[in-house]
Amino acid sequence: MAMDITAGILGIEAEIAENKVKRLRMWIFECREPSFKAFKLGLAAAVLLGLAHVIGNLLGGCVCIWTKKDLDRASANKQSAVASLIFSWIVLAVGFSMLIIGTMSNSKSRKTCGISHHRLFSIGGILCFIHGLFTVAYYVSATAAAREDRTSRPRPTA
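Per chain, residues are indexed from 1 in the order of the written sequence. Confidence filtering applies because this is a predicted model: local features only for residues at pLDDT of at least 70, side-chain atom pairs given and counted only at 80 or more, and all residues used for totals across whole chains, interfaces and linings. Hydrogens are left out, water is left out, and the side-chain values use all remaining heavy atoms of the structure.

Draft legend 1. Quick peek at the environment of T151. Looking at where T151 falls in the secondary structure, it is placed in helix α5 (residues 120-152). Judged by its relative accessible area of 63%, T151 is exposed. A polar contact is formed between the side chain of T151 and the backbone oxygen of E148, at a distance of 3.0 Å. Helix and strand labels come from DSSP, where a helix needs a run of H or I of at least four residues and a strand needs a run of E of at least two; each type is numbered from the N terminus. Only protein chains enter the accessibility calculation, which uses a 1.4 Å probe; a residue is then buried when its area is under 20% of its type maximum, exposed when over 50%, and partly exposed in between. Here a polar contact is taken to be a pair of N or O atoms separated by no more than 3.5 Å, where protein atoms must pair a possible hydrogen donor with a possible acceptor and residues adjacent in sequence count only if both atoms sit in side chains.

Spelled out as structure tokens, the structure:
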């Protein structure tokens, strides 16, 4: 969760740094100089988001549901774990993409002109916070489901 929060803050800070560079705007087109500070902050946010996702999935373990029948028979904790896992992957894909696109738009060494891409870093940063919530929900429900599975399995008698 701390990594997701840090990634979110870095994403918002990258947006602030990007907004401080010179711009010339005409309708939806814009010419601006890239911000190296925004590049560094956006890259750090994307890396932290990816690491947070990997660590959250490793700590949560594997919650496997293969068929609809398995889903219907699964406990509420297991169903919650699967739903949280799916949502965390979706939020990761969108948030990571936005952070990378914002980072790449600031990676060039010269002035660029084109359609303006505003708020990529800030939306990506907000999605980092949301990713943290889904990852925590996944971890809690996956460990509860694993505990349920251990207690419901019959123990072999000697």
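Draft legend 2. Here's a closer look at helix α2 (residues 36-60). Its 25 residues place the ends of α2 36 Å apart at the C-alpha level, agreeing with the 36 Å of an ideal helix rising 1.5 Å per residue. G61 sits one or two residues past α2 and shows a positive phi near 80 degrees. In this analysis, the expected span of each helix is defined as 1.5 Å times one less than the number of residues it contains.

Draft legend 3. Local environment of the packing of α2 against α5. Look at α2 against α5: their axes get within 9 Å of each other, and the N-to-C directions meet at 10 degrees. One way to sum up the angle between α2 and α5 is to call them roughly parallel. Contacts from A38, G42, L49, A52, H53, G56, N57, L59 and G60 in α2 reach F121, C128, H131, T135, Y138, Y139 and A142 in α5. By the convention adopted, Pro, Cys, Tyr, Trp, Phe, Met, Ile, Leu, Val and Ala count as nonpolar, Lys, Arg, Asp and Glu as charged, and the other residues, Gly among them, as polar. For the contact of α2 with α5, the class distribution of residues is 9 nonpolar, 7 polar and no charged. All axes are obtained by fitting lines to C-alpha atoms, using only the stretch in contact for helices, and the reported angles, taken between N-to-C directions, cover 0 to 180 degrees. Angular relationships are summarised with four words: roughly parallel below 35 degrees, roughly antiparallel beyond 145, roughly perpendicular across 65 to 115, and oblique for the angles in between. Any two residues having at least one pair of non-hydrogen atoms within 4.5 Å are treated as being in contact.

Draft legend 4. Spotlight on the layout of surface pockets. In this structure, the second largest pocket occupies an estimated 150 Å³ of space. M1, A2, M3, D4, A52, I55, G56, L59, T135, V136 and Y139 are the residues that line the second largest pocket. Elements represented by at least two residues in the lining of the second largest pocket include exactly α1 (2-19), α2 and α5. Here the element with the most residues in the lining of the second largest pocket is α2; it accounts for 4 residues. By residue class, the composition of the lining of the second largest pocket is 8 nonpolar, 2 polar and 1 charged. Buriedness of a pocket was judged along seven lines, with at least five required to meet protein on both sides within 12 Å; pockets are open sets of points on a 1 Å grid over the protein atoms alone, cavities are sets where a 1.4 Å probe fits but cannot get out, and lining residues have an atom within 4 Å of a point. Grid points are joined across faces, edges and corners, and a volume is the space filled by probe spheres set on the points.

Draft legend 5. Seen up close, the packing of α1 against α5. At their nearest, the axes of α1 and α5 sit 7 Å apart, and the two run at 175 degrees to each other. Compared by their axis directions, α1 and α5 come out roughly antiparallel. Of the residues in α5, those touching α1 at D4, I5, A7, G8, I9, G11, I12, A14, E15 and E18 are L120, F121, S122, G125, C128, F129, H131, G132 and T135. Taken together, the residues of the contact of α1 with α5 sort by class into 9 nonpolar, 7 polar and 3 charged.

Draft legend 6. Representation of a nonpolar patch on the surface within the structure. Patches were defined on residues exceeding 30% relative accessible area and lacking a salt bridge, with like-charge contacts within 9 Å and nonpolar side-chain contacts (Val, Leu, Ile, Met, Phe, Trp, Tyr) within 5 Å. Areas reported here follow the Shrake-Rupley algorithm with a probe of radius 1.4 Å; residue values treat only the protein chains shown as occluding. For salt bridges, the criterion is a side-chain nitrogen of Lys or Arg within 4 Å of an Asp or Glu carboxyl oxygen. Taken together, the side chains of M1, I5, I9, L43, V47, L51, I55, L59, L133, V136, Y139 and V140 present a nonpolar region at the surface, about 1000 Å² in accessible area. Mapped onto the fold, M1 is located in the segment before α1.

Draft legend 7. Quick look at the nonpolar core. For this analysis, a nonpolar core means a set of buried residues of the types Ala, Val, Leu, Ile, Met, Phe, Trp, Tyr and Cys, connected via side-chain atoms within 4.5 Å. Membership of the largest hydrophobic core comes to 14 residues, with the highest contact counts inside it found for A7, L10, L41, L49, L99, F121 and C128. Going through the elements one at a time, α1, α2, α4 (76-105) and α5 are the ones with two or more residues in this core. Ranked by residue count, the leading element in this core is α2, at 6 residues.

Draft legend 8. Geometry of the side chain of N106. Assignment of secondary structure puts N106 in the loop between α4 and β3 (112-115). Within the local environment of N106, its side chain forms a polar contact with the side chain of E18, the two groups lying 2.9 Å apart. Setting aside its immediate chain neighbours within four residues, N106 contacts E18, R32, P34, S35, A38, F39 and F121.

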